[in-house]
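Residues per chain are reported as follows:
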Amino acid sequence: MFLVPGVGAQLKTAQESALIAQAVAVEHPPKLDGTVDDSLWQSAIPVTGFRQQEPLEGEPATEKTEVRILYTRHAVYFGIHCFDSSPSRIIASELRRDVSQDLDDHFEVLIDSNHDRRGGYVFQINPLGTQMDGLIVEEQRDNSGSDFDPGWDGVWTSEARIGADGWTATIEIPFTTLNFTHSRQVLWGLNFKRFIRRKNEEDLWTAYRRTFGITKVSQAGDLRGIEDIGSGRLFIVKPYGLARYDQQTGENPKFPLTGGVDVKYGLSSGLVLNLTGNTDFADTEVDLEPFNITPFKVFIPEKRQFFLENAGVFNFALGDGDQLFFSRQIGIDPITGNQVPINGGAKLTGRVGRLELGVMDVDTRSSGPNPYANFGLVRLKESLWAGSYIGVMGIDKRSGDVLDSFNQTGGVDTRLVFWKDWFVDAHMAGTQSLGSASGDSDLGASLSYRSNWLDATAERRKTGPNFNPEVGFVERQDSNETYGDATFKLRPRITGIRELQFEGFILHAPDTLDQVSTQEWQGTFRADLHNGGYTDDDIADVFTQRITTPFHIYKSVFIPNGIYHFARHQLTYGSGQDRKFTYNFFERFGGYYGGTLNELRVRANYRPAAKFSISASETWDRFRLPLPNGNFSVVLASLQGNYSFNRFLTFTSLLQMDTSNAQAVSANLRLRYNYRPDSDLYIIYNIGTQFASIAPANPPEVRETRFAVKWTYSFAP
């Protein structure tokens, strides 16, 4: 084993400081009614000693928490008791599965079942028993900043109750959900996190450093005591049936009656094979309609389940949100947002020893302007020390388009962690297409430092003019970028304020011939409040942007070629998150491509009861441009209502308005009945688009009217 400065000490510290929890064997499952009164629970030694990550790092938690662990031959059980000195102030409002619980009290269980200290499963529950789950891969947070990637769905059961001394919960996780096949001398990595909403307090069993958190799997404790268990190999078959009415603008209606199947199979405790046939995404939530005020592409997160599951394995970051692989380029027209039918696909993900791997192949059929295509990719990452790796990725796209019959992408990347707080990221990538010329590469490296008082990044990246990853996402081509960012964080003793932040960054990105292209510098002040409220204000945001192709901003309005200099300012405020009614507003104003632009955004959420919630947002963009028809306004608005009859039967509605489109209003109504674990009945009515365009500018919208009934049934053969 070779040593790198700071790494040996880091590994030694993680191993020596590991806390140990003990699981107790039982002949039959304990009561799973949300209480821990069963005598079986009392036979287990409770896990205690939680410490604060927020607000006072390392201090004992203000409320006591106990976790007891039992197991049978086929499942592991967690009995959780979250004591609370003011149980009437416990916040619990979310009944919908897989929806963010950030506005509720909640509890997370991390299980590193392979004990590789690289990643694990996360199971989250609130005081109503509502479930959310996901994965941590290579100790990385989700792109949205949450603790874990919520794309993975597991089969598990949970119940919870609020009582006189706090709230309690019981969780059953089958070994098959963890794809766990070892049967003797089991050793898992384990961690717990409790969130108390009214105090905005985060308590962890271990890994409670503010810059770490539960994602730092290498700092997790150990779970011992599980022995002599049955097979836990994952094997799930999930067929679906679909009846649909579908009519797009200018086309005759269609009445398809179809079906397909998804399969998950655990080849080993570390490898999972996903298969899908005649794949359908009718049940996927619709995108919020964007209005693009930039000359660049729009990044819209993936929402389709087949691509979300284990998606972190395929992550290959290029910097500034760009990705070498972007799954929305498969099965969705990037210009119109129309779905492209998928014949089927296969995905193999997991770990073999120190090697993490992902292999995927997806085949799509011809639809409208989109010819048939096949997408194949391979991702390999060799683990080094904690949080560090070196990896490669290869992507091959084959298409029926005679002018673009193939596109190949390859790259090498690494992430190195030193002394816990220093991070080096670097990559080299290239593409090849029919008739491709030089300038088809992307090279970059960055050095980052993260601590409680300072976050800083310095980055260099060069993207060639012909770098063209057709199955990736790159905002700017032909760029020679230098970027620097520093955020200073203070925690003064000021009533109501938790943290003050002062950030400054500079971006200098001429093209590869050193001609002016994009420049930006910004100074920002932020304040985080104890109640979850915040303010985020740009003192100055100064741009220089060169337009080389007329930029279509609205209807007949095009911003002409040229070099533009302008400055903008921002004021943002968000209310405390511990109330039934929350809101925030965003005001951004100043110059914009020779004229002015005022952006006003208001959002509000109201949760009067656990069964019902409503949210509304409105964005008003007021343009004043020195162009014909250059004085105009665009309004984007949405109204979403959610009603949960119980945890298993929920109704959601989303109404949207976008005045930049000829047909401004769209609607989506969705009823979901989760009649058994991982099995659902959906009834969906939609007018508008399901998936938004990611193209630059604002291409015309293709509308559809769709009514669908989809049934899924999950079983283990």
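## Section: the overall build of the chain
Looking only at helices and strands, the chain features 3 helices and 41 strands. Whereas a compact globule of 717 residues would reach a radius of gyration of roughly 27 Å, the chain reaches 26 Å, a difference of no more than 12%. For the chain, the spread of C-alpha atoms along the three principal axes comes to 80 × 60 × 55 Å. Taking the intrachain contacts of the chain between residues at least 6 apart in sequence as the baseline, contacts between residues at least 24 apart amount to 59%. For the chain, the exposed surface amounts to about 30,100 Å²; the carbon and sulfur share of it is 57%. Charge separation in the chain, taken as the distance between the mean sites of 71 positive and 87 negative side-chain charges, equals 2 Å.

## A few points about the pattern of salt bridges
Between side chains of opposite charge, pairing is possible as soon as their charged atoms come close. For the structure shown, the criterion picks out 55 salt bridges. In this structure, D222 and R224 form a salt bridge, with 3.6 Å as the shortest nitrogen-oxygen distance. The exposure class assigned to D222 is buried, which follows from its relative accessible area of 6%. A salt bridge links E499 to R491; the shortest N-O distance between them is 3.0 Å. Judged by relative accessible area, R491 falls into the partly exposed class, the value being 29%. The structure contains a network of salt bridges with shared partners spanning E54, R210, R491, R498 and E499.

## A word on the environment of R491
Counting through the fold element by element, R491 comes out in the loop between β27 (479-490) and β28 (497-509). With residues up to four places along the chain from it excluded, the contact list for R491 reads E54, P55, R210, R498 and E499. A polar side-chain atom of R491 sits 3.1 Å from the main-chain carbonyl oxygen of P55. Among the polar contacts made by the side chain of R491, one reaches the side chain of E499 at a distance of 3.0 Å.

## Focus: the environment of N278
Mapped onto the secondary structure, N278 falls in strand β16 (residues 271-279). Sequence spacing of N278 and V261 is 17 residues, and the spatial spacing of their C-alpha atoms is 7.2 Å. With sequence-adjacent residues up to four places away left out, N278 is seen in contact with Y240, T258, G259, G260, I342, N343, G344 and R365.

## Here's the deal with the sheet that holds strand β9 (residues 157-163)
Reading across the sheet, the 5 strands line up as β2-β4-β5-β10-β9 and stay open at both edges, with mixed pairing between neighbours. Both edges of this open sheet fall to β2 (24-25) and β9, since each of them pairs with a single strand only.

## Some details on the pairing of strand β36 (residues 612-624)
The pairing of strand β35 (residues 595-609) with β36 spans 12 bridges and is classified as antiparallel. Residue pairing for β36: N598 is matched across the bridge by R622. What sits between the antiparallel neighbours β35 and β36 is a turn of 2 residues. What sits between the antiparallel neighbours β36 and strand β37 (residues 631-644) is a turn of 6 residues, in which N629 has the positive phi angle 60 degrees.

## Topic: the nonpolar core
Counting residues in each nonpolar core, the largest one holds 38 residues, and the members touching the most others are I69, F78, F107, W188, L190 and F192. Of all the elements in the fold, those that place two or more residues in this core are β4 (65-71), β5 (75-83), β6 (106-112), β7 (120-125), β10 (166-174) and β11 (188-196). Sequence-distant contacts of W188, that is, excluding residues within four places in its chain, are made with V76, I111, D112, S113, H115, F175, L178, F180, G221, D222, L223 and I226. If you look at the next biggest cluster of nonpolar residues, it comprises 22 residues, including M360, F375, L377 and I395.

## Section: the side chain of S433
Looking at the element boundaries, S433 is found in strand β24 (residues 422-433). Within the structure, S433 has its side chain in polar contact with the side chain of N407 (distance 2.7 Å).

## A closer look at the packing of aromatic side chains
Scanning the model with the defined rule gives 40 aromatic pairs in all. Ring centres of F175 and W188 lie 6.2 Å apart, and the angle between their planes is 75 degrees; on these two criteria the pair is classed as edge-to-face. Residue F175 is located in the loop between β10 and β11, and its partner W188 is located in strand β11; the two are separated by 13 residues in the primary sequence. Here the aromatic cluster, defined as three or more aromatic residues joined through ring pairs, consists of F291, F543, F551, Y554, Y564, F566, Y592, Y593, F623 and F632. Sitting over the ring of F212, R209 keeps its end group 4.6 Å from the ring centre. The cationic tip of R304 hangs over the ring face of F281; the distance from NZ or CZ to the ring centre is 5.2 Å.

## Comments concerning unusual backbone geometry
Going from E54 to P55, the amide bond is cis rather than trans, its omega being 0 degrees. Structurally, P55 can be placed in the loop between β3 (51-54) and β4. You will see that A207, though not glycine, has its phi angle at about 55 degrees, which is positive. Looking at the element boundaries, A207 is found in the loop between β12 (201-204) and β13 (221-224).

## Let's talk about the pairing of β28
Here 9 bridges tie β27 to β28, and the two strands are oriented antiparallel to one another. Within the sheet, the bridge partner assigned to A486 lies in β28 and is G504. Where β27 hands over to β28, the hairpin turn is made up of 6 residues, of which G496 adopts a positive phi near 85 degrees. Here β28 pairs with strand β29 (residues 518-529) via 12 bridges, running antiparallel. Each residue of the ladder has a partner; that of A509, found in β29, is T518.

## Details of the environment of D37
Along the chain, the position of D37 falls in the loop between β2 and α2 (39-42). In this structure the C-alpha to C-alpha distance between D37 and V362, which are 325 residues apart in sequence, comes to 50 Å.

## Describing the side chain of S613
Take S613: it is sitting in strand β36. Note on S613: relative accessible area 16%, which makes it buried.

Conventions used here
- Residues numbered from 1 in each chain as written.
- Predicted model: local features only at pLDDT ≥ 70, side-chain atom pairs only at ≥ 80, totals over all residues.
- Heavy atoms only, no water.
- Helix = DSSP H or I, 4+ residues; strand = E, 2+ residues; numbered from the N terminus.
- Rg over C-alpha atoms; globule rule 2.2 N^0.38 Å.
- Contact = heavy atoms within 4.5 Å.
- Areas by Shrake-Rupley, 256 points an atom, 1.4 Å probe, with all protein chains shown as cover.
- Lys, Arg positive; Asp, Glu negative; His and termini not counted.
- Charge placed at Lys NZ, Arg CZ, Asp CG, Glu CD.
- Salt bridge = Lys/Arg side-chain N within 4 Å of Asp/Glu carboxyl O.
- Buried < 20%, exposed > 50% of the residue type's maximum accessible area, 1.4 Å probe, protein only.
- Polar contact = N/O pair within 3.5 Å; in protein donor to acceptor, adjacent residues only side chain to side chain.
- Pairing = 2+ DSSP bridges.
- Core = buried A, V, L, I, M, F, W, Y, C linked by side-chain atoms within 4.5 Å.
- Phe/Tyr/Trp six-rings, centres within 6.5 Å; stacked < 30°, edge-to-face > 60°.
- Lys NZ or Arg CZ within 6 Å of the ring centre and 35° of its normal.

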